[in-house]
Amino acid sequence: MSRIVRAAAIQISPVLGDDGLGTARKVCQAIREAAEKGVKLAVFPETFVPYYPYFSFIQPAFRFGGEHLELYERAVVIPGPVTDMVAEAARQTGMVVVLGVNERDFGTLYNTQIIFDATGEILLKRRKITPTYHERMVWGQGDGAGLKVVESAAGRIGALACWEHYNPLARYALMTQHEEIHCAQFPGSLVGQIFADQMEVTIRHHALESGCFVVNATGWLTDGQIKEIAGDPALEGPMRGGCFTAIVSPEGKLLGTPLTEGEGMVIADLDFALITKRKRMMDSVGHYARPELLSLLQDRRPARTVHYVGEANPVPTSTDEAAS
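Residues numbered from 1 in each chain as written. Predicted model: local features only at pLDDT ≥ 70, side-chain atom pairs only at ≥ 80, totals over all residues. Heavy atoms only, no water.

By the naming in an unreviewed UniProt entry, the protein goes by Nit6803 family nitriliase and is assigned to Komagataeibacter melomenusus. Checking UniProt for the protein, the heading Sequence similarities (unreviewed entry) contains the comment "Belongs to the carbon-nitrogen hydrolase superfamily. Nitrilase family." (UniProt positions renumbered as here; feature names shortened; annotations may be inferred.)

Before going further, it helps to spend a moment on the overall build of the protein. Check the secondary structure of the protein and you find nine helices and eleven strands. A globule of 324 residues ought to have a C-alpha radius of gyration of about 20 Å, and the protein, at 19 Å, matches this closely. When its C-alpha atoms are laid out on the principal axes, the protein stretches across 55 × 55 × 40 Å. Relative to its full complement of 324 residues, the protein shows a buried share of 53%. Partitioning the intrachain contacts of the protein with sequence separation of at least 6 by distance along the chain shows that 72% fall at a separation of at least 24. Of the accessible surface of the protein, which amounts to about 14400 Å², a share of 55% is contributed by carbon and sulfur atoms. Charged side chains of the protein number 31 positive and 38 negative; the gap between the two group centres comes to 5 Å. (Helix = DSSP H or I, 4+ residues; strand = E, 2+ residues; numbered from the N terminus. Rg over C-alpha atoms; globule rule 2.2 N^0.38 Å. Buried < 20%, exposed > 50% of the residue type's maximum accessible area, 1.4 Å probe, protein only. Contact = heavy atoms within 4.5 Å. Areas by Shrake-Rupley, 256 points an atom, 1.4 Å probe, with all protein chains shown as cover. Lys, Arg positive; Asp, Glu negative; His and termini not counted. Charge placed at Lys NZ, Arg CZ, Asp CG, Glu CD.)

This paragraph deals with the environment of Arg63. Relative to the helices and strands, Arg63 resides in the loop between helix H2 (55-58) and helix H3 (65-74). Judged by its relative accessible area of 57%, Arg63 is exposed. C-alpha of Arg63 to C-alpha of Ile157: the two residues are 94 residues apart in sequence and 39 Å apart in space.

Under the defined criterion, the tally for this structure stands at 21 salt bridges. For Glu180, the salt bridge goes to Arg3, with nearest N and O atoms at 3.4 Å. Of this pair, Glu180 sits in the loop between helix H5 (168-175) and strand E8 (181-186) while Arg3 sits in the segment before strand E1 (4-11), and the two are 177 residues apart along the sequence. Take Glu180: its relative accessible area is 18%, and that puts it in the buried class. (Salt bridge = Lys/Arg side-chain N within 4 Å of Asp/Glu carboxyl O.)

Ranked by internal contacts, the top residues of the largest apolar core, which has 31 residues, are Tyr54, Phe186, Ile203, Val214 and Met239. Elements with a contribution of two residues or more to this core: H2, H3, E8, helix H6 (193-210), helix H7 (223-230) and strand E10 (246-248). Among the elements that make up this core, the one with the highest residue count is H6 (five residues). Sequence-distant contacts of Ile203, defined by excluding residues within four places in its chain, comprise Ala184, Phe186, Val214, Asn216, Phe244, Ala246 and Val248. (Core = buried A, V, L, I, M, F, W, Y, C linked by side-chain atoms within 4.5 Å.)

On to the sheet that holds strand E4 (residues 108-116), then. The six strands lie next to each other as E5-E4-E3-E2-E1-E11, forming an open sheet whose pairing is mixed. Looking at strand neighbours, the two that pair on one side only are strand E5 (122-127) and strand E11 (264-271), the edges of this open sheet. Averaged over all neighbouring strand pairs, the angle between strand axes comes to 25°, with direction disregarded. Where E1 meets strand E2 (residues 41-43), three bridges bridge the pair, whose relative direction is parallel. What sits directly across from Ala8, in E2, is Ala42. Contacting E1, strand E3 (96-105) and E11, helix H1 (residues 21-36) runs over the sheet at an angle of about 50° to E11. (Pairing = 2+ DSSP bridges. Axes fitted to C-alpha atoms, helices over the stretch in contact; angles between N-to-C directions.)

One full turn of an α-helix is made of 3.6 residues, so residues set three or four places apart face in the same direction. If you check H1, its first and last C-alpha atoms are 23 Å apart, about what 16 residues at 1.5 Å a residue would give, namely 22 Å. Buried within H1 we find Gly22, Thr23, Ala24, Val27, Cys28, Ala30, Ile31 and Ala34. Tucked inside the fold, the buried residues of H1 contact E1, helix H4 (81-93), E3 and E11. Downstream of H1 by one or two residues, Gly38 has phi in the positive range, about 85°. (Expected span 1.5 Å × (residues − 1).)

Spatially, the five strands line up as an open sheet ordered E6-E7-E8-E9-E10, and their pairing is mixed. The open sheet has two edge strands with one neighbour each: strand E6 (150-152) and E10. Ignoring strand direction, the axes of neighbouring strands in this sheet form an average angle of 25°. Taken together, the three bridges between E6 and strand E7 (residues 155-161) define a ladder with antiparallel strand orientation. Opposite Ser152, over in E7, you have Gly155 as the bridge partner.

Below is the structure:
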């Protein structure tokens, strides 16, 4: 008998102007609402908590210092109050949750994806390997340690953020680990229709190439939020459009109607028999591969700024070390 998992791609707007916990509470409410619909996997947008740094796209770097510092103050420490809150919601509903956050690790912010299992356990914390364009002034670079597929209550899950999907080797790293569900996250409310068009092509292609389901979530800004962030009508245009929340089958088919405006959920039942059906025809990392001609080298070592020889680390160099 084939396994079927009900998934939700959630398009949602953040709570601006508070300590960041307001957005986390909204995430937990959406988890509960999805659970009432029988959802077992929920995917939220890129760096949704506390919010995506839209300011960096519409302002020159020398002007957004204040907004950047505010993001530092509201960013998520892992583990911490936000992850505790979301983990509890996942545990109570028996749901796997994929959440994008701005992670603070001492003096650096990262674009981080967290996968919570249905037990509330954090299965994976990974950082976007290369922030895109304006984002490089906001976040640090991730490393290869997070390019992993994890076993969850919903299946084998991999995740990438936004334009990481334009890095074919990053995608292939997940494909070689036989992901069954790929969770994609984009900011939304950015760039315009061309961004949504490009997004559709990207996620449908990955579904076909990987032979997996893709659950893609984009953020949404209300008209009032756009005006608040822009502060100038001339800057509002770049913050409209660019939403394409959708679920794609391993055959590249859209499951349900994509959401391009407003808040809501795209919900679909993922029938894992379709994975076998697709891979019987074309398995990019199996019978369709030619490893003697083309193969991938991946460095999974976590990035370290210092290596101690002959003594224990006197000072933690990251929150990961501090927690260990």
